[in-house]
Amino acid sequence: MGIARLILRRITTSVIVVLIFVVLGAVLFWFGGGPRYVLEGIFAARLQQPVHFAADPEWRWGKQQLRITLVGLRVGSAAHPQFSASRLMVALGWHSLLHGQMQPRQIVLDAPVLNGPWKGVANAGGAALSLPGKMIIRDGTLRWSGVAGHTLSLTAVNGQVLAKGPSQLAGGWHWRGKVGRWHFAAEMAPAVVARNIFLQVGTTIDPMLLQVAIPALQSTVKDMVVPALRIRWQARGHGQAHLRLQALRLNMAQSQLAVQDGALIVGDELALQVRAVDLNWKVLRGHLAYQVTIRRLPQLATRWGLPLPKLTDPDALQRLTSTGTVQLDNPHFQWIVTQGELDHSAWMGKISGTWRPLAIDVNLSVARLNLGRYLPAPQAGNAARLPALPQQWPVTGEIHVAKLLWGKMRARDLIIRSTSSKAQP
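Note that this is a predicted model, so its numbers are computed, not measured.

Trainee: Describe the overall build of the protein chain, listing the residues and the values that go with them.
Mentor: What the protein chain contains, in helices and strands, is four helices and 26 strands. Among the 425 residues that make up the protein chain, the fraction classed as buried is 30%. Contacts spanning at least 24 positions in sequence make up 41% of the contacts within the protein chain whose residues lie at least 6 apart. Just so you have it, the protein chain exposes about 26,900 Å², and 62% of that area is on carbon and sulfur atoms.

Written out as structure tokens, the structure is:
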């Protein structure tokens, strides 16, 4: 019995000593910043970016949730951080934590700054945190480089995003030397990604410069589906434009875009309708059917910086209509005009070729062409001269004109042929 008591006493003493060391180690780990380094390592592994906290995390233990506050969060290098926040608070429910899930109930971001595009990638195990039930953003900033060659900045971003219910964000914007305000609203729902999505962007002069409305946004395994999309652009002194799309399907991973039906109206100068659009913009392959009406071509060319020769009739090139299909198969293209009209002259045919190298083959039929509206009529006794073509002329094919008028000249069933030239200037 004495030996058994001695052994039991030694075992008890050893256990107590081990427990003391464990508690002492836990205390040293806790107060020595151990949780901070562990969290930095977890975030860095998930985001594949350096992660740094300016101070140890603050922990608040409640009956239903655990609150973790991170001060001075930085993702990325100190010289070029990808993301930073002066304060980040995450509220985690005990129920989800006990089941091994990190489902934040709430995230609060104070002065977050995101410098995009994001260069890190998520770990195969998933993102560092799942989407929260509620996210509050206070005085946020987004800088996104490479937007049409310039940096887009969103500043003073404030609002909240709810996993279920109405979400709103607002702030200022700066791009290409212009500034303004923007407002975003949406309602998150379980069956769809979001619904009743509305974005308004304005300037001091044009408070409603751009408006985007999406009744619903759906997501499948591969595609983002937008049953309907409406965009309105209106600038004082520059007219307005409307874009409407039906059954838009977007696959960013495969660079594919499909649209069942769409229309673009720019003032009273351009009306374009497209249908059966299927496009891969990465490899430039796809097809569409279209119907377009363009008015006042000389004014549009001047506005877009495209020089046109001086026309004999200033009222020429005032209306162009075309209906047909376009097919792309890099580097080939084919444009088929089933019905067209230019200045009350009907035309139809096919234009095909390649754009690398540029080679265009034309096969068109024109019912009636009055060249006198575009070029000075030839004088009596002088041979008719057409404008000289560039020395490098990549256009081949022919244009069949059923009836040609040019001053006093009359011709029927005229065929204009073109052969390419590679002569160097």
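Trainee: A description of the pattern of salt bridges should follow, citing residues and the corresponding values.
Mentor: Following the criterion strictly, the structure yields ten salt bridges and no others. One salt bridge connects R319 with E341, and the closest N-O pair in it is separated by 3.6 Å. Of this pair, R319 sits in strand 18 (residues 319-329) while E341 sits in strand 19 (residues 332-342), and the two are 22 residues apart along the sequence.

Trainee: Can you explain the side chain of T321? Please cite residues and give values.
Mentor: Topologically, T321 is positioned in strand 18. Classification of T321 by relative accessible area gives buried; the value is 15%. Sequence-distant contacts of T321, that is, excluding residues within four places in its chain, are made with V292, T293, Q339, G340, E341 and W347.

Trainee: Could you give an account of unusual backbone geometry, naming the residues involved and the relevant values?
Mentor: Going from N330 to P331, the amide bond is cis rather than trans, its omega being 5°. R356 connects to P357 through a cis peptide bond whose omega is 0°. Within the element layout of this structure, P357 appears in the loop between strand 20 (345-355) and strand 21 (358-366). With a phi angle near 55°, R176 is a residue other than glycine that sits in the positive phi range. Turning to its location among the elements, R176 is positioned in the loop between strand 9 (165-175) and strand 10 (178-188). At H344, a position not held by glycine, the phi torsion is positive, near 65°. With respect to the helices and strands, the residue H344 is situated in the loop between strand 19 and strand 20. Relative accessible area serves as the criterion here: at 71%, H344 is assigned to the exposed category.

Trainee: Describe in detail the packing of aromatic side chains, supporting the description with residues and values.
Mentor: Overall, the coordinates contain four aromatic pairs when judged by the stated rule. Considering the side-chain rings of W335 and W347, the 6.3 Å spacing of their centres and the 90° angle between planes classify their relative orientation as edge-to-face. Here the residue W335 occupies a position in strand 19, and W347 occupies one in strand 20, the gap between them amounting to twelve residues. For W335, a relative accessible area of 30% corresponds to the partly exposed category. Using a relative accessible area of 14% as the deciding quantity, one classes W347 as buried. Clustering of aromatic rings is evident, with ring pairs tying together W59, W61 and W94. The cationic tip of R176 hangs over the ring face of W175; the distance from NZ or CZ to the ring centre is 5.3 Å.

Trainee: A description of the environment of V71 should follow, citing residues and the corresponding values.
Mentor: The residue V71 is located in strand 3 (residues 65-76) in this model. Overall, V71 belongs to the partly exposed group, its relative accessible area being 31%. The spacing of V71 and P57 is 14 residues in sequence and 7.1 Å in space, taken between C-alpha atoms. Residues in contact with V71, not counting those within four places in the same chain, are F53, A54, A55 and S86.

Trainee: Please provide a residue-by-residue account of the pairing of strand 14 (residues 239-251), values included.
Mentor: Here strand 13 (residues 224-235) pairs with strand 14 via eleven bridges, running antiparallel. Paired with A235 across the two strands is G239, which belongs to strand 14. Pairing of strand 14 with strand 15 (residues 256-266), which is carried by ten bridges, proceeds in the antiparallel orientation. Within strand 15, the residue paired with R244 across the bridge is A263. Two successive antiparallel strands, strand 14 and strand 15, enclose a turn made up of four residues, where S255 displays a positive phi of approximately 55°.

Trainee: So what's going on with the confidence of the model for the protein chain? Which residues, and what values?
Mentor: With 81% of its residues at a pLDDT of at least 70, the protein chain reaches an overall mean of 83. Segment residues 24-32: pLDDT under 50, and eight contacts once partners within four positions in sequence are set aside and those in other chains are kept. Across residues 122-129, confidence stays below pLDDT 50; counting only partners more than four residues off in sequence or on other chains, it has eleven contacts.

Trainee: Outline the pairing of strand 25 (residues 409-418), supporting the account with residue identities and numerical values.
Mentor: Sheet topology places strand 24 (residues 395-406) next to strand 25; nine bridges connect them, and they run antiparallel. Looking across to strand 25, one finds that K403 is bridged to R412. The hairpin formed by strand 24 and strand 25 contains two residues between the paired strands, and G407 there has a positive phi angle of roughly 65°.

Trainee: Give me the lowdown on the environment of T220, citing residues and values where you can.
Mentor: Note that T220 resides in the loop between strand 12 (210-219) and strand 13. For the pair T220 and R249, spaced 29 residues apart in the sequence, the C-alpha separation amounts to 10.0 Å.

Trainee: Talk me through the nonpolar core; I want residue IDs and the actual numbers.
Mentor: Formed by 34 residues in total, the largest nonpolar core has its most connected members in I197, I214, V226, L229, L248, W347 and L369. Considering each element in turn, this core owes the most residues, four residues, to strand 24. Not counting the four nearest positions on each side in its chain, L248 is found in contact with M224, V225, V226, L229, L257, A258 and V259. Core analysis: the next-biggest nonpolar cluster, separate from the first, contains 23 residues, L47, I68, L70 and I107 among them.

Trainee: Could you give an account of the environment of R176, naming the residues involved and the relevant values?
Mentor: Its relative accessible area of 53% is what places R176 among the exposed residues. Note: C-alpha distance between R176 and H150 (26 residues apart in sequence) is 6.4 Å.

Trainee: So what's going on with the side chain of D343? Which residues, and what values?
Mentor: Inspection of the secondary structure puts D343 in the loop between strand 19 and strand 20. For the buried D343, no salt bridge is present, and the opposite-charge side chain at shortest range is R373, 4.2 Å distant. A polar contact of 3.2 Å, which involves the side chain of D343, links it to the backbone nitrogen of Q318. A distance of 2.7 Å separates a polar atom in the side chain of D343 from a polar atom in the side chain of Y374. If sequence neighbours within four positions are ignored, D343 has contacts with A316, L317, Q318, R319, R373 and Y374.

Each value, and the rule that gives it
- Residues numbered from 1 in each chain as written.
- Predicted model: local features only at pLDDT ≥ 70, side-chain atom pairs only at ≥ 80, totals over all residues.
- Heavy atoms only, no water.
- Helix = DSSP H or I, 4+ residues; strand = E, 2+ residues; numbered from the N terminus.
- Buried < 20%, exposed > 50% of the residue type's maximum accessible area, 1.4 Å probe, protein only.
- Contact = heavy atoms within 4.5 Å.
- Areas by Shrake-Rupley, 256 points an atom, 1.4 Å probe, with all protein chains shown as cover.
- Salt bridge = Lys/Arg side-chain N within 4 Å of Asp/Glu carboxyl O.
- Phe/Tyr/Trp six-rings, centres within 6.5 Å; stacked < 30°, edge-to-face > 60°.
- Lys NZ or Arg CZ within 6 Å of the ring centre and 35° of its normal.
- Pairing = 2+ DSSP bridges.
- pLDDT = per-residue confidence, 0-100.
- Core = buried A, V, L, I, M, F, W, Y, C linked by side-chain atoms within 4.5 Å.
- Lys, Arg positive; Asp, Glu negative; His and termini not counted.
- Polar contact = N/O pair within 3.5 Å; in protein donor to acceptor, adjacent residues only side chain to side chain.

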